[in-house]
Amino acid sequence: MNTSRNRLKRRFYRHGPDYRFGDQASFEEIKATFGFKTITLGAWVDKQEQHIAANLLYDALADLTQILSIPPVTIGLRGTLNLAFGSGGQAGVQAHYDSNQRTLALAKNAGGGALAHEWWHAFDHYIAKHMFKGVHAHDFASALWLTQTPNLIHPLNQQLDTLFRLLLLDKSGLEPSNYFKNATLLDKARGVQYYARPQELTARAFEWVVASDAHIRNAFLVDDVLDSALERQGGFPDESIAAETRCATSSYFQMLGAALYRQM
């Protein structure tokens, strides 16, 4: 096995249900099961790498649906989300969500661990039009929330509003949250504008919730969150909002899942 395959097949720790019972997954099966619009594989992803990646991806996406209590087909966001493996990424980036193409791209050798974070970006982008009026092509719901009034007629939007309010504002609702302030300090120290962007704050909160699930652990789905340097620096929700973050996130997706299962 060459070096590339060794990196791809490195031991991603996983503890969770056995969905495949030893069967080999395929990207065609992933597309059908999880509702993706298209799946694109890079020209340099050989057959053995495809087999390894398909199993890792299938288990990770299935774990995500279990953690969120949603139907597997929900992952594809009603058939609007594209998946690219070893194709369409950005140089030096392990994973990326491209809002232009509505594509979640994973680097062949380094995409593992960022899947939950990038899926939230896709969801955040998709849900914007269901929560706000006059949405533009590249708008994210979490970013719009700071400047526009959401449509709160639907209970799902009410629950998502609760989550955004918890993560982005303090208890008074008038000042930035400590989580937001800590991220601003991280940006200042690094000379970037990244950690305090609403879409990044909410994506990190989401991957933190996924990583802290009591029953499922999957390092291909989410990694380097709990006990990480970034967590110690305040880059993830701290204990003051941890329980509420977990509850608000779980409540939203359980409500969403229940509604979708009723439609099936």
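The following paragraphs examine the structure supplied in this document. Owing to the predicted nature of the structure, the values given are computational and were not obtained by experimental measurement. Along every chain, residues carry numbers that run from 1 in the direction the sequence is written. In keeping with the predicted nature of the model, local features appear solely for residues at pLDDT of at least 70, side-chain atom pairs appear and are counted solely at 80 or more, and the whole-chain, interface and lining totals rest on all residues. Side-chain metrics rest on all non-hydrogen atoms present in the structure, leaving aside hydrogens and water.

Topic: the side chain of Asp213
Our working rule: Strands are runs of DSSP state E lasting at least 2 residues, helices are runs of H or I lasting at least 4, and numbering of each runs from the N terminus. Only protein chains enter the accessibility calculation, which uses a 1.4 Å probe; a residue whose area is less than 20% of its type maximum is buried, one above 50% is exposed, and one in between is partly exposed. For the purpose of counting charges, residues Lys and Arg are taken to be positive, whereas Asp and Glu are taken to be negative. His and the chain ends are not included. For this analysis, a salt bridge means a side-chain nitrogen from Lys or Arg found within 4 Å of a carboxyl oxygen belonging to Asp or Glu. Polar contacts, as used here, are pairs of N or O atoms within 3.5 Å; protein pairs need one atom able to donate a hydrogen and one able to accept it. Residues neighboring in sequence count only if both atoms are side-chain atoms.
Structurally, Asp213 can be placed in the loop between helix H8 (198-211) and strand S6 (217-218). No salt bridge forms around the buried Asp213; measuring N to O, its nearest opposite-charge neighbour Arg217 is 5.1 Å away. Looking at Asp213, its side chain comes within polar contact range of the main-chain nitrogen of Ile216, at 2.8 Å.

Focus: the sheet that holds strand S3 (residues 82-85)
Strand pairing in a sheet is mediated by backbone hydrogen bonds. Such pairs are either parallel or antiparallel. Here is the rule we go by: A pair of strands is treated as paired once DSSP finds two or more bridges between them. Orientation is described by lines fitted to C-alpha atoms, with helices fitted over the stretch in contact, and by angles between N-to-C directions that extend from 0 to 180 degrees.
Ordered by their spatial adjacency, four strands build an open sheet running S2-S3-S5-S4, and the pairing between neighbours is mixed. Two strands bound the open sheet, and with one partner strand each, they are strand S2 (39-41) and strand S4 (95-98). Sheet twist, expressed as the mean angle between neighbouring strand axes with direction ignored, is 15°. Note that S2 and S3 share three bridges and pair parallel. Paired with Leu41 across the bridge in S3 is Phe85.

Overview of the nonpolar core
Rule in force here: For this analysis, a nonpolar core means a set of buried residues of the types Ala, Val, Leu, Ile, Met, Phe, Trp, Tyr and Cys, connected via side-chain atoms within 4.5 Å. Residue contacts are defined here by distance: any two heavy atoms, one from each residue, within 4.5 Å place the two residues in contact.
Grouped together as the largest cluster of nonpolar side chains are 83 residues, with contacts concentrated most on Ile30, Trp119 and Phe253. When neighbours within four sequence positions are excluded, Phe253 is seen to be in contact with Leu68, Ser69, Ile70, Trp119, Trp120, Phe123 and Phe206.

Considerations on helix H6 (residues 155-168)
Our working definition: By this rule the span expected of a helix is its residue count minus one, scaled by 1.5 Å.
Taking 1.5 Å per residue, 14 residues should reach 20 Å; H6 reaches 20 Å between its end C-alpha atoms and fits that length. Across the 14 residues that make up H6, a large majority, 10, are buried. Among all positions in H6, only Leu156, Asn157, Gln159, Leu160, Asp161, Leu163, Phe164, Leu166, Leu167 and Leu168 are buried. Contact partners of the buried residues in H6: helix H4 (115-131), helix H5 (141-144), helix H7 (178-190), H8 and helix H10 (242-263).

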